[in-house]
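Chain and residue survey
So you can see what is in the structure, the chains are spelled out below.
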Amino acid sequence: MASVSLKHIFKKYPGGVTAVSDFCLEIKDKEFVILVGPSGCGKSTTLRMIAGLEEISEGELFIGDRLVNDVAPKDRDIAMVFQNYALYPHMTVFENMAFGLKLRKTPKEEIKRRVEEAARILDIAHLLDRRPKALSGGQRQRVALGRAIVREPKVFLLDEPLSNLDAKLRAQMRTELTKLHKRLETTFIYVTHDQVEAMTMASRIVVMKDGLIQQVDTPQNLYDKPVNIFVAGFIGTPQMNFINSTLVKKGEDYFVKYGEVELKLPAEKAAVAELANYVGKEVIMGVRPECIHDEPMYLSSLSEWVIDADVEITELMGAEIHLYLTSQEQNIVSRVSSRSKAKSGDTIKVAIDMSRIHIFDKDTEKCIVF
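Scope of this entry: the structure provided in the associated data block. (Residues numbered from 1 in each chain as written. Predicted model: local features only at pLDDT ≥ 70, side-chain atom pairs only at ≥ 80, totals over all residues. Heavy atoms only, no water.)

What to know about the nonpolar core
Applicable threshold: Here, the term nonpolar core denotes a set of buried Ala, Val, Leu, Ile, Met, Phe, Trp, Tyr and Cys residues that are joined through side-chain atoms within 4.5 Å. Partly exposed residues are those whose accessible area sits between 20% and 50% of the maximum for their type, while under 20% is buried and over 50% is exposed, using a 1.4 Å probe and protein chains only. Strands here mean DSSP runs of E at least two residues long; helices mean DSSP runs of H or I at least four residues long; both are numbered from the N terminus. Two residues qualify as a contact provided that any one of their heavy atoms is within 4.5 Å of a heavy atom in the partner residue.
Core analysis: the largest hydrophobic core is formed by 48 residues, its most contacted members being Met97, Leu145, Leu158, Leu177, Leu180 and Tyr190. Top element by residues in this core is helix H3 (residues 108-122). It accounts for six residues. If we skip the residues at most four places from it in the chain, leucine 158 touches Leu47, Val81, Leu145, Leu177, Phe188, Ile189, Tyr190 and Val191. Within the second largest apolar cluster, 36 residues are counted, among which are Leu265, Val283, Leu323 and Val336.

Okay, structure coming up:
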């Protein structure tokens, strides 16, 4: 097994286009790291540089202790699983999984042993004689994974491997991939634009934007302590609400003010020394939809942070309801219990849990208060 080290990696294309800038990341042996970000942020390009499918313009890439910048893909001891599965249509499942081993002149008995073991792990042993056209999308994905597993590589690279599956199968495969990582005890580097995949599977997440790393952290820390507005908005569904506000100080207390609403910051938030620099200035208050409540118990316990809001739209999601609200001309989304009685056109009271809000610098978009 192997660690992967990316040191000041750049990818520049002709014409002055820089796809990846100064990418620095240390991936530990057996870690499950996910690169996440919107389309065009450079995550797949980074993965392809690790695989050797894209040339590195600047920087150093180590797999284990070995510098691999100029090492051919086949000699890097990695296996890649592609978004489109890349299976050979004229070969059976067994032949597809065995193909890479045959090229390496692996003995037939060893090929048979590895393919059957991988098929057993992935629950596709009964499909070994079929061809890809006779398989469902999920089964093809398992074959593509099996082809990677039989190689017994030091590092698995997965480029949006679940994006072609339906929602139910994607959720099932997330669980399967997590189990597979634990069973194989191999380094996984995974690319996706789906933050749910990232949050549910990764030991660490790398959030990218415009070829730059925004933040590297555990899923929980990314959720609780985003370093800027981009990360805060990218992680979480529905996304965080961003409310244009002004920071006000009265005596020793700080308030966030928007329109006619003033919300007092709790002591632990007000204790941040840097807040003194923002008094009287515009800031952005970030509050997640699940921190805005309409149930009586919250209206009572969070009574000093209750506001009036007009209900524009309600979306029943089964176990919960998303309320699309306006308050003082600010649009706010709230995620509440399915027991909520709120209807479009109502004016209701909601409580904002100010102990869980974030405050961002309006100009730099950096987080001042977590």
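Alright, that's what it looks like, and here's the rest.
Some points on the side chain of asparagine 241
Put simply, the test is: Distance and chemistry together define a polar contact, namely a pair of N or O atoms within 3.5 Å, with one atom able to donate a hydrogen and the other to accept it when in protein, and with adjacent residues in sequence counting only for side-chain atoms on both sides.
Relative to the assigned elements, asparagine 241 resides in strand E11 (residues 241-250). The buried category is assigned to asparagine 241, whose relative accessible area is 5%. Engagement of the side chain of asparagine 241 in a polar contact is seen with the backbone nitrogen of valine 333, the distance being 2.7 Å. In contact with asparagine 241, not counting residues within four places along its chain, are Met285, Gly286, Val287, Arg288, Pro289, Ile292, Asn331, Ile332 and Val333.

Some thoughts on the pairing of strand E9 (residues 204-209)
The test is simple: For two strands to pair, DSSP has to find at least two bridges joining them.
Taking burial as the measure, the six residues of E9 include five buried ones, the bulk of the element. Pairing analysis gives four bridges linking strand E3 (residues 32-36) to E9, with the strands arranged parallel. Residue isoleucine 34 lies in a different strand from E9, and its bridge partner there is isoleucine 205. In the sheet, E9 pairs with strand E10 (residues 212-217) via five bridges, with the strands oriented antiparallel. Pairing of valine 207 across the sheet is with glutamine 215, part of E10. Between the end of E9 and the start of E10, which pair antiparallel, lie two residues, with aspartate 210 showing a positive phi angle near 55°.

Here's the deal with the side chain of threonine 186
Relative to the elements of secondary structure, threonine 186 occurs in the loop between helix H5 (167-184) and strand E8 (187-192). A polar atom in the side chain of threonine 186 sits 3.1 Å from the backbone oxygen of leucine 184.

Some thoughts on the pattern of salt bridges
Using the following cut-off: Salt-bridge detection follows one rule: a side-chain nitrogen of Lys or Arg within 4 Å of a carboxyl oxygen of Asp or Glu.
Applying the stated criterion across every chain, the model contains 18 salt bridges. A salt bridge links arginine 114 to glutamate 152; its shortest N-O distance comes to 3.8 Å. Within this pair, whereas arginine 114 is found in helix H3, its partner glutamate 152 is found in the loop between helix H4 (137-149) and strand E7 (155-159), the two being separated by 38 residues in sequence. The exposure class of arginine 114 is buried, given its relative accessible area of 18%. We classify glutamate 152 as partly exposed; its relative accessible area is 46%. Where glutamate 295 meets arginine 339, a salt bridge forms, and the shortest distance between an N and an O atom there is 3.0 Å.

Digging into the environment of valine 68
Tracing the backbone shows valine 68 in the loop between strand E5 (66-67) and strand E6 (78-81). Of the residues examined, valine 68 reaches a relative accessible area of 1% and is grouped as buried. The spatial distance from the C-alpha of valine 68 to the C-alpha of alanine 51 is 9.7 Å, given a sequence separation of 17 residues. Sequence-distant contacts of valine 68, defined by excluding residues within four places in its chain, comprise Leu61, Ile63 and Arg76.

Topic: the sheet that holds strand E15 (residues 292-293)
Reading across from one edge, E15-E19-E16-E17-E18 is the order of the five strands in this open sheet, with antiparallel pairing throughout. Only two strands of the sheet have a single partner each, and these edge strands are E15 and strand E18 (330-337). For strand E16 (residues 306-316) and strand E17 (residues 320-327), the ladder comprises six bridges, and the chain directions are antiparallel. For valine 311, the partnering residue across the bridge sits in E17 and is leucine 325.

Let's talk about the state of the cysteines
For clarity, the cut-off: Whenever a pair of cysteine sulfur atoms sits within 2.5 Å, that pair is classed as a disulfide.
Applying the stated criterion across every chain yields a total of zero disulfides. In this structure cysteine 41 is not part of a disulfide, and its nearest cysteine sulfur, from cysteine 24, lies 16 Å away. For cysteine 41, a relative accessible area of 2% translates into the label buried. With no disulfide of its own, cysteine 291 has cysteine 367 as its nearest cysteine by sulfur position, at a separation of 13 Å.

Focus on the packing of aromatic side chains
Put simply, the rule reads: Two aromatic rings from Phe, Tyr or Trp, using only the six-membered ring of Trp, form a pair when their centres are within 6.5 Å; if the ring planes differ by under 30 degrees the pair is stacked, by over 60 it is edge-to-face, and anything between is tilted.
Evaluated as defined, the whole model comprises six aromatic pairs. With a centroid separation of 5.7 Å and 25° between ring planes, the pair formed by phenylalanine 230 and phenylalanine 234 is classed as stacked. Of the two residues, phenylalanine 230 and phenylalanine 234 both sit in helix H8 (residues 229-234), four residues apart, roughly one turn of that helix. Of the two residues examined, phenylalanine 230 and phenylalanine 234, each falls in the buried class. On the numbers, 5.9 Å between centres and 70° between planes, the contact of phenylalanine 242 with phenylalanine 360 is edge-to-face. One end of the pair, phenylalanine 242, is in strand E11; the other, phenylalanine 360, is in strand E20 (residues 358-361), with 118 residues separating them in the sequence.

Considerations on the packing of helix H2 (residues 93-103) against H3
Note the following rule: Axis definition: a line fitted to C-alpha atoms, limited for helices to the stretch in contact. Angles are taken between N-to-C directions and run from 0 to 180 degrees. Reported orientations rely on four angle classes, namely roughly parallel under 35 degrees, roughly antiparallel over 145, roughly perpendicular from 65 to 115, and oblique for the rest. Left-handed describes a crossing whose near helix is turned anticlockwise from the far helix by less than a right angle; the clockwise case is right-handed. Under the scheme applied here, ten amino acids are nonpolar (Ala, Val, Leu, Ile, Met, Phe, Trp, Tyr, Cys and Pro), four are charged (Asp, Glu, Lys and Arg), and all others, including Gly, are polar.
Viewed as axis vectors pointing N to C, H2 and H3 meet at an angle of 135°, and their least axial separation amounts to 10 Å. By the criterion of interaxial angle, the relationship of H2 to H3 is oblique. Of the two elements, H2 crosses H3, and the hand of that crossing is right-handed. Touching Phe94, Met97, Ala98, Leu101 and Lys102 of H2 are Ile111, Lys112, Arg114, Val115, Ala118 and Ala119, all from H3. In the contact of H2 with H3, the residues fall into eight nonpolar, no polar and three charged.

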